[in-house]
Amino acid sequence: MATIYTSYDSNVRKTWLLMGLFMVFVVAIGWTFSYIYNSPGIFVFAVILSVVMNIGSYWFSDKLVLGMYRAREIQEQDNSDLWHVTENLAITAGLPMPKLYIIDDHAPNAFATGRNKDHAAVAVTSGLLAILNRTELEGVIAHELSHIGNRDILLQTVVVVLVGFISILADMFLRTRLLHGGGDRDEKGGAGGILIILGIVFIILSPIIGQLIKLAISRKREFLADASGALLTRYPEGLASALEKISGFQGPLARANNATAHMFISNPFGAGAGKGVAKLFMTHPPVEERIKILRGMSM
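Residues numbered from 1 in each chain as written. Predicted model: local features only at pLDDT ≥ 70, side-chain atom pairs only at ≥ 80, totals over all residues. Heavy atoms only, no water.

**Notes on the overall build of the protein chain**
Check the secondary structure of the protein chain and you find ten helices and four strands. N-terminal to C-terminal, the α/β element order of the protein chain is α-α-β-α-β-β-β-α-α-α-α-α-α-α. Considering the protein chain as a whole, with its 299 residues, one finds that 49% of them fall into the buried category. Contacts in the protein chain between residues at least 24 apart in sequence constitute 72% of all its contacts with a sequence separation of at least 6. (Helix = DSSP H or I, 4+ residues; strand = E, 2+ residues; numbered from the N terminus. Buried < 20%, exposed > 50% of the residue type's maximum accessible area, 1.4 Å probe, protein only. Contact = heavy atoms within 4.5 Å.)

In structure tokens:
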């Protein structure tokens, strides 16, 4: 099934590019802080922090996400149907068996995470298991295995940590400015004042930049994972029917948050979350469009 993993190399390149840009971004913020407060130590700290965050996002971001949702790992005896569906599809896809997790939540949803195919995990909610039949469950698991095969999991999990950290930095900077004022800005002259203003604008815009990064990696990959999953099961209607049931649930996932929304197979904030202006910032393409494409594959 190697031919379905058309984005593998592209996602690896995107991940390293994202991590490189993150390092430059944090170092730039550190330099701005050190200039404003006339403290070279801040710049050194920013360099060290950017390296540590990149390493941490690569090795530990999957554990962080699974911990956020209190996912519990299961074995074959805990849910034999889920285990056998995943095992059979993993063999068909030429992938190692991922670790399986269940999130105790009534909202039907699922996501895959991990740094590579040998260290991957698939998490599903108890609500998903309650409403899907076997062919629908196969469609969802095939979709998530496609994310693993395409190496989407590394990119989307790294984004959780890095984009979330950018937002934290922005908040810290703004709070510092409000509490302590402008530091040595009067001594820096006009050029220093312009630099400070640019630094503030840069950091205020950082959450928007983070959201744009998530949007850039999310919508296209969902279509690709749908198509790859349908090829894997040879039954596109299974995933189409599953998406119908999932999107019909109105309530949000209990611990849904913006940092991890792009990882799920469907919007974790519920069917009513993508209304009006909110549509512009949705990390998932419209479910109706995904279902239409899948059912077109069956013809």
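That shown, we press on.
**Brief notes about the pairing of strand E3 (residues 110-116)**
The element E3 is largely enclosed, with a buried count of seven among its seven residues. With six bridges connecting them, E3 and strand E4 (residues 119-125) associate as antiparallel partners. Looking at E4, one finds that glycine 114 is bridged to alanine 120. Remark: two residues form the turn of the hairpin made by E3 and E4, two consecutive strands paired antiparallel. (Pairing = 2+ DSSP bridges.)

**Remarks on the side chain of threonine 113**
Mapped onto the elements, threonine 113 comes out in strand E3. Classification of threonine 113 by relative accessible area gives buried; the value is 0%. Aside from chain neighbours lying at most four places away, what touches threonine 113 is Asp62, Leu66, His119, Ala120, Ala121, Ile153, Thr157 and Met263.

**Things to note about helix H9 (residues 236-247)**
Along its twelve residues, H9 runs 17 Å from first to last C-alpha, staying within 8% of the 16 Å computed at 1.5 Å per residue. Burial in H9 covers these residues: Pro236, Gly238, Leu239, Ala240, Ser241, Ala242, Leu243 and Ile246. (Expected span 1.5 Å × (residues − 1).)

**Some thoughts on the pairing of strand E2 (residues 99-103)**
For E2, the buried fraction is high: four of the five residues fall into the buried class. Pairing of strand E1 (residues 72-74) with E2 involves three bridges; the strand directions are antiparallel. Within E2, the position partnered with glutamate 73 by the bridge is tyrosine 101. In the sheet, E2 pairs with E4 via five bridges, with the strands oriented parallel. Bridge pairing links tyrosine 101 to alanine 123 in E4.

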